[in-house]
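Structural overview for review
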Amino acid sequence: MTMRVVFMGSPAFSVPALAEIIGAGHEVVAVYAQPPRPAGRGQDDRKQPVHEFAERAGLPVHTPRNLKAPEALTQFRAHDADVAVVIAYGLILPQDILDCPRYGCLNMHASALPRWRGAAPIQRAIMAGDTVTAANVMRMEAGLDTGPVCLVETVAITADMTTGALHDALSSIGARLVVRALGALERGSLIATPQSTDGVTYAHKIEKAECRIDFGRTAEEVHNHIRGLSPHPGAWFDVGPVGKPERIKVLRCALSIGVASSGTPGLVLDDQLTIACGNGAVRLIELQRAGKRPMPAIDLLRGFALGPGTVLNCTN
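Residues numbered from 1 in each chain as written. Predicted model: local features only at pLDDT ≥ 70, side-chain atom pairs only at ≥ 80, totals over all residues. Heavy atoms only, no water.

A closer look at the sheet that holds strand β6 (residues 83-87)
The mixed open sheet is built from 7 strands, whose spatial order is β5-β2-β1-β6-β7-β9-β10. Each of the sheet's edge strands pairs with one partner strand only, and the pair in question is β5 (61-62) and β10 (149-156). Taken together, the 2 bridges between strand β2 (residues 27-32) and β5 define a ladder with parallel strand orientation. Bridged to V31 within β5 is V61. (Pairing = 2+ DSSP bridges. Helix = DSSP H or I, 4+ residues; strand = E, 2+ residues; numbered from the N terminus.)

As for the packing of helix α1 (residues 15-23) against helix α2 (residues 49-56)
Remark: α1 packs on α2, axes separated minimally by 9 Å, with the N-to-C direction vectors making an angle of 25°. Relative to α2, the element α1 is oriented roughly parallel. As for how α1 packs across α2, the hand of that crossing is right-handed. Facing V15, L18, A19 and I22 of α1, the residues of α2 in contact are P49, V50, F53 and A54. (Axes fitted to C-alpha atoms, helices over the stretch in contact; angles between N-to-C directions. Parallel < 35°, antiparallel > 145°, perpendicular 65-115°, else oblique. Left-handed = near helix turned anticlockwise from the far one by under 90°. Contact = heavy atoms within 4.5 Å.)

Overview of unusual backbone geometry
Cis geometry is found at the peptide bond from L113 to P114, where omega equals 10°. Among the structural elements, P114 can be located in the loop between β7 (105-109) and β8 (117-118). With an omega of 0°, the peptide bond between H232 and P233 qualifies as cis. The topology assignment puts P233 in the loop between α7 (219-228) and β12 (235-240). With a phi angle near 50°, D80 is a residue other than glycine that sits in the positive phi range. Here D80 lies in the loop between α3 (70-78) and β6. Although it is not a glycine, W116 adopts a positive phi angle of roughly 65°. Residue position: W116 is located in the loop between β7 and β8.

In short, the description is geometric, and any link to function would need to be established separately.
Below, the structure is given as structure tokens:
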């Protein structure tokens, strides 16, 4: 038996799961994604990655701005779905929508629940210095990522892993978990275990202001901050004259073992972009100037003066 599936997702993170569901032979009766939005230099409307993939696969795509209108519920009911699979969709599902599919709604979430419920679990886990996270499939309910967990697979967060690398790993693992969950649902053997009430944390959306690097923090905290925001939205520092500083993103860095803090956070210590922090130092490895491609530190230094004695995130 195959399942009649409504798939709800928007970013690239969700695409592998949709592909796996199709590959497993399930009938995807509809795909829901966020509406196209202005993007790029021309600010032309751009479809979400799930939207583009679904159209290439010949699937019907719906892009409502909310699911609260009566016509949205009528349309959803008309799909006569066995189950909805929701992955990083971006809209809250009202209870009437949650109740529509015969076997309910399943969500794949990228954290070791109940830690990091919410919008930015991958970034928050790395920024906090976590050494392990997980992909899991849960049954959805009205609360934010509060549903009972059906399947889970843990993933180690290595010392230099960026959000980009962890994103890709969890996307792939989560896609396989979703197909396993659908198979168990078909057989009537999908078991859901309530989440613990201990250890609940929330992964709030990343705000622009928190992307600025604070070199006054410890080197380890700065390192986690940079890799947790790489490649998007990117941690950054300002350097340059008063009134016209340039913003530079840091995409990759490393802890400088054995280098003591100079007492001046943000001070460039050598010609390899080793930067003093509140305690210890980090070496900047890959950076990106505004409007330019990512580049190794050595290439940045050829065209931009960041020699020893420069203080980052300061203007002069």
